[in-house]
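Fold and contact review
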Amino acid sequence: MNTPLLSIQDLRKSFGALKVTDGVTLDVPAGELHAVIGPNGAGKTTLIHQLSGSLASDSGTIHFDGDEVSRLTMPERVRRGMARSFQITSILSGFTVLENAAMAVQARSGSSFRFFGRAGAERRLNDEAMAALDRVGLVDRAERRAGSLSHGEKRQLEMAIALATGPKLLLLDEPLAGTGHEESAALVALIAALKETHTIVLIEHDMEAVFQLADRVSVLVYGRVIATGTPEAVRNDPQVRAAYLGDETEAA
Amino acid sequence: MSASEAAGRPVDQVQTPAKRGRLFGPGRRLAAIVIFAALALLPLVANLIGDPFLVVTATRIMVFALAALSLDLLIGFGAMVSFGHAAFLGIGAYAVAILASHGVEDILVQTVVAVAAASLFAFVTGAISLKTKGVYFIMITLAFGQMAYFFMVSLSAYGGDDGITLDRRSTLLGSRLLSDDIALFYALLAVLVLAYLGLTRLIGSRFGRVIRGTRENPARMQAIGFEPFRFQLTAYVIAGAIAAVAGVFLANQAEFVSPAYMSWQRSGELIVMVVVGGMGTLIGPVAGAIAFLLLEDWLAAFSEHWKLGLGVLLILLVLFGRGGLAGLARRLTGGGRA
Ligand SMILES: Nc1ncnc2c1ncn2[C@@H]1O[C@H](COP(=O)(O)OP(=O)(O)O)[C@@H](O)[C@H]1O
Ligand SMILES: [Mg+2]
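Rules used in this analysis
Residues numbered from 1 in each chain as written. Chains lettered and ligands numbered in written order. Predicted model: local features only at pLDDT ≥ 70, side-chain atom pairs only at ≥ 80, totals over all residues. Heavy atoms only, no water. Helix = DSSP H or I, 4+ residues; strand = E, 2+ residues; numbered from the N terminus. Rg over C-alpha atoms; globule rule 2.2 N^0.38 Å. Buried < 20%, exposed > 50% of the residue type's maximum accessible area, 1.4 Å probe, protein only. Contact = heavy atoms within 4.5 Å. Areas by Shrake-Rupley, 256 points an atom, 1.4 Å probe, with all protein chains shown as cover. Lys, Arg positive; Asp, Glu negative; His and termini not counted. Charge placed at Lys NZ, Arg CZ, Asp CG, Glu CD. Near = heavy atom within 4 Å. Polar contact = N/O pair within 3.5 Å; in protein donor to acceptor, adjacent residues only side chain to side chain. Nonpolar A, V, L, I, M, F, W, Y, C, P; charged D, E, K, R; others polar. Salt bridge = Lys/Arg side-chain N within 4 Å of Asp/Glu carboxyl O. Donors = N, O, S within 2.8 Å, 3.2 Å for Na, K, Ca; no water. Domains from an automatic or database assignment. Buried area = accessible area lost by both parts, 1.4 Å probe. Pairing = 2+ DSSP bridges. Axes fitted to C-alpha atoms, helices over the stretch in contact; angles between N-to-C directions. Expected span 1.5 Å × (residues − 1). Parallel < 35°, antiparallel > 145°, perpendicular 65-115°, else oblique.

This part covers the overall build of chain B. Helices and strands together make up the secondary structure of chain B, namely 15 helices and two strands. Taken against the 2.2 N^0.38 rule, which gives 20 Å for 338 residues, the C-alpha radius of gyration of chain B at 20 Å falls within 12% of a compact globule. Expressed along its principal axes, the backbone C-alpha trace of chain B runs to roughly 60 × 50 × 40 Å. Looking at chain B as a whole, 51% of its 338 residues are labelled buried. Pairs at least 24 residues apart make up 77% of the contacts formed inside chain B by residues separated by at least 6 positions. Accessible surface, chain B: about 14900 Å² in total, of which carbon and sulfur atoms supply 69%. Charged side chains in chain B number 25 positive and 18 negative. The centres of these two groups are separated by 18 Å.

The following block contains the structure:
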């Protein structure tokens, strides 16, 4: 069997006395869409921070594509092919949509210590950026100021930026957060399409979307993975029902 | 928030497509042409009205315009509010004075040494300062500026607190050309225009784009693979080096160098010039320097409490003049994204 693309071993993180990531162990083979679900405050975003490198782990290891990346900085991990999207939209509002994506292409295309040529006129950067925008359906918005996009479009741009880094693995933190019904349907279709080309760790609150998209699901509660398996198996796991899904379905 | 939003532009205008890669609109270019052309003609005007002192004043103004221009790279484009920028001005000026006192009078050699010394100082202090953010960055750059100030105060071999008077101006490849006020004026104008054009290119380059992106959203820039620190530090060194060149001219214009050039008040004035002129516009800070120094002269002629008047004007400008002089010009002309 191949080694998994992403392998997490006994990952831990505490904020003071609060154990937010409490011994997470997880393997994600290449090509899988692995959903991580769990109630608010379960530590899902923290886990993404640790995986992407914006937050140092207290202990445990992360292997990506065969190498240990636990001690690498975020930019180093991005260069190896790990890209993240943010739960709270994080784009360059004052730049055009195209430049948001082109900046991500620039980050991996030669030196950025170039002081004279006009970056905005670099064909190769713009072409690759356009390809990323095309995948998320934002080509006709390319020349808009990113800050002027609708919320749903900003969520699409989040993903285009991640794609433009040329990743092997996408870490998507609640990509549907705050979107309306139609917007979220479009984003689900987009993620389904990305699944064909990328390995994805998907954090999502929307259960319908998760069960539709995921190959496997892990349930995170108080920083521990209490169950991992196919959507079907997880849905029927009594522990999960008690801890999490039960409340959800009752609340819904 | 963009300048156009700050100016209360209607939303539909904000949403119109921005021109690809066009950072500086026609308004700014026009302002630059007008300002530089006016400066170029100034010695003729001074000659016509028989006031040679005008050239001396204008030379002094251009020194600070050059320093403010370089500071705009940090404040306006990099969101690095440096409160110690006058230190670089001083380093440049002292490079001239110290080298001259040892017989090295050529301005090219002095400039190379000034730029090297300023770059080194910027590299070391920038590397430390850039580990901090926001108000801490302001305070630590202020502290380094004061350190440089007190270092020169204590250096009695080179005049200490009193400063040193230069015997004469620098030479250029052996000639005494720069002893002529008008020659010095045009040499500095050439450097100023060159710095303006160079920085305009730089802002639109790959490097400039990373700096601007980092100003807007450092977390995003890291998440796509950039290490902002290296770029910010490079910008800090570039800005320091340019300010040192301004210092070389300051020493030549005044034929005198003292620690006062490096005082925190001077650094504060440079910030004021950038903010008053309109940060992130490059030509704005040039206009800001002109306005500031003219106003200073004018108010000083009125009363010894001119700093109070200047303060009041500044507050008015901050309250009513978003975007500085550049913003004001934009609103007056009703221009688009200048
Ligand atoms: N920087 C921090 N300092 C202290 N506590 C934090 C920090 N970040 C997150 N937490 C806490 O960690 C817990 C998990 O947060 P988070 O990872 O955002 O959860 P989720 O994304 O699953 O909703 C929450 O209780 C949150 O308050
Ligand atoms: Mg979260």
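This next bit is on the site of ligand 1. All names here are of chain A. Surveying the vicinity of ligand 1 reveals the residues Phe15, Leu18, Val20, Pro39, Asn40, Gly41, Ala42, Gly43, Lys44, Thr45 and Thr46. Between ligand 1 and the protein, one listed contact pairs an oxygen atom with a backbone N or O atom of Ala42 at 3.2 Å. Between ligand 1 and Gly43 there is a distance of 3.0 Å, counted from an oxygen atom to a backbone nitrogen or oxygen. At the level of elements, strand S2 (18-28) and helix H1 (44-52) are the ones that each hand at least two residues to the shell around ligand 1. Of the residues forming the shell around ligand 1, the biggest block, three residues, is contributed by H1. A per-class count over the shell around ligand 1 returns five nonpolar, five polar and one charged.

A few words now on the pattern of salt bridges. Within the structure shown, the criterion is met by 23 salt bridges over all chains. Among the salt bridges present, the one from Glu99(A) reaches Arg209(B), with a minimum N-O distance of 3.1 Å. Taken as a pair, Glu99(A) in helix H3 (residues 97-106) and Arg209(B) in helix H9 (residues 206-216) lie in two separate chains rather than in one. Note that Arg168(B) and Glu105(B) form a salt bridge whose closest N and O atoms lie 3.4 Å from each other. In this pair, Arg168(B) sits in the loop between strand S1 (164-165) and helix H8 (181-204) while Glu105(B) sits in the loop between helix H5 (86-101) and helix H6 (107-129), placing the two residues 63 residues apart along the sequence. The class for Arg168(B) is partly exposed, based on a relative accessible area of 42%.

Time to look at the coordination of the magnesium ion (ligand 2). Taken together, the protein ligands of the magnesium ion (ligand 2) are Thr45(A) (OG1) and Gln87(A) (OE1), with distances of 2.0 to 2.2 Å. Of the two residues, Thr45(A) sits in helix H1 while Gln87(A) sits in the loop between strand S6 (82-85) and H3, which places them 42 residues apart along the sequence.

All right, on to unusual backbone geometry then. The residue Asp10(A) is not glycine, and still its phi comes out positive at about 50°. Here Asp10(A) lies in strand S1 (residues 6-15).

All names here are of chain A. Examined at the domain level, chain A breaks down into domain 1 (1-81 + 167-252) and domain 2 (91-166). Taking the mean C-alpha position of each, domain 1 and domain 2 sit 26 Å from one another. Between domain 1 and domain 2, the contact holds 19 residues from the first and twelve residues from the second. Each partner contributes to the roughly 1200 Å² buried at the junction of domain 1 and domain 2, and carbon and sulfur atoms together form 67% of this total. In this assembly, domain 1 and domain 2 are joined by zero salt bridges. The tally of links from domain 1 across to domain 2 stands at six residue pairs in polar contact (both at pLDDT 80 or more). In terms of residues, the side of domain 1 that touches domain 2 owes the most to one element, helix H6 (residues 181-194), which gives six residues. Along the lines of polarity and charge, the residues of the side of domain 1 that touches domain 2 split into eleven nonpolar, four polar and four charged.

Moving on: the sheet that holds strand S8 (residues 199-203) of chain A. Residues and elements named next belong to chain A. With respect to topology, six strands assemble into an open sheet ordered S6-S7-S8-S3-S9-S10, the strand pairing being mixed. On the outer flanks of this sheet lie S6 and strand S10 (224-229), each paired with one strand and no other. Strand-to-strand twist across the sheet, computed as the mean angle between neighbouring axes with direction ignored, equals 15°. Pairing geometry for S6 and strand S7 (residues 169-173), over four bridges, is parallel. Paired with Ser85 across the bridge in S7 is Leu172. Seen against the sheet, H1 touches strand S3 (33-37), S6, S7, S8 and strand S9 (216-221) and runs at an angle of roughly 150° to S7.

The next point concerns the interface of chain B and chain A. Contacts between the two partners involve 34 residues from chain B and, on the opposite side, 43 residues from chain A. Both faces considered, chain B and chain A share a buried interface measuring about 3600 Å² in area, 54% of it formed by carbon and sulfur atoms. Summed over the shared surface of chain B and chain A, the result is four salt bridges. Linking Arg79(A) and Glu227(B) is a salt bridge whose minimum nitrogen-to-oxygen distance equals 2.8 Å. For the pair chain B and chain A, the number of links is 19 residue pairs in polar contact (both at pLDDT 80 or more). Taken together, the elements giving at least two residues each to the side of chain B that touches chain A come down to H8, H9, helix H10 (218-223) and helix H11 (228-254) of chain B. Residue contributions to the side of chain B that touches chain A peak at seven residues, all from H9(B).

Let us now look at H5(B). Compared with an ideal rise of 1.5 Å per residue, which puts 16 residues at 22 Å, H5(B) spans 22 Å between its outermost C-alpha atoms and is within 8% of the ideal. Burial within H5(B) is extensive, with 13 of its 16 residues counted as buried.

All names here are of chain A. In space, the four strands of this open sheet follow the order S2-S1-S4-S5, with antiparallel pairing throughout. At either end of the open sheet lies a strand with only one pairing partner, and these are S2 and strand S5 (67-68). In the packing of H1 onto the sheet, contacts are made with S1, S2 and strand S4 (59-64), and the angle to S1 comes to roughly 120°.

Now for the pairing of S3(A). All names here are of chain A. Most of S3 sits out of view: five of its five residues are buried. Burial along S3 is two-sided: the residues Leu33, Ala35 and Ile37 and His34 and Val36 are all buried. Note: S3 against S8, four bridges, orientation parallel. By the bridge assignment for S8, Ala35 is matched with Leu202.

Turning our attention to the packing of helix H4 (residues 53-78) of chain B against H11(B). What describes two packed helices is the angle between their axes and the distance between those same axes. All names here are of chain B. Look at H4 against H11: their axes get within 9 Å of each other, and the N-to-C directions meet at 175°. The angle between H4 and H11 places the two elements in the roughly antiparallel class. Between H4 and H11, the contacting residues are Val56, Thr59, Arg60, Val63, Phe64, Leu66, Ala67, Ser70, Leu73, Leu74 and Gly78 on the first element and Gln232, Ala235, Tyr236, Ile238, Ala239, Ile242, Ala243, Val245, Ala246, Phe249, Leu250 and Gln253 on the second. Here the residues of the contact of H4 with H11 sort into 17 nonpolar, five polar and one charged.

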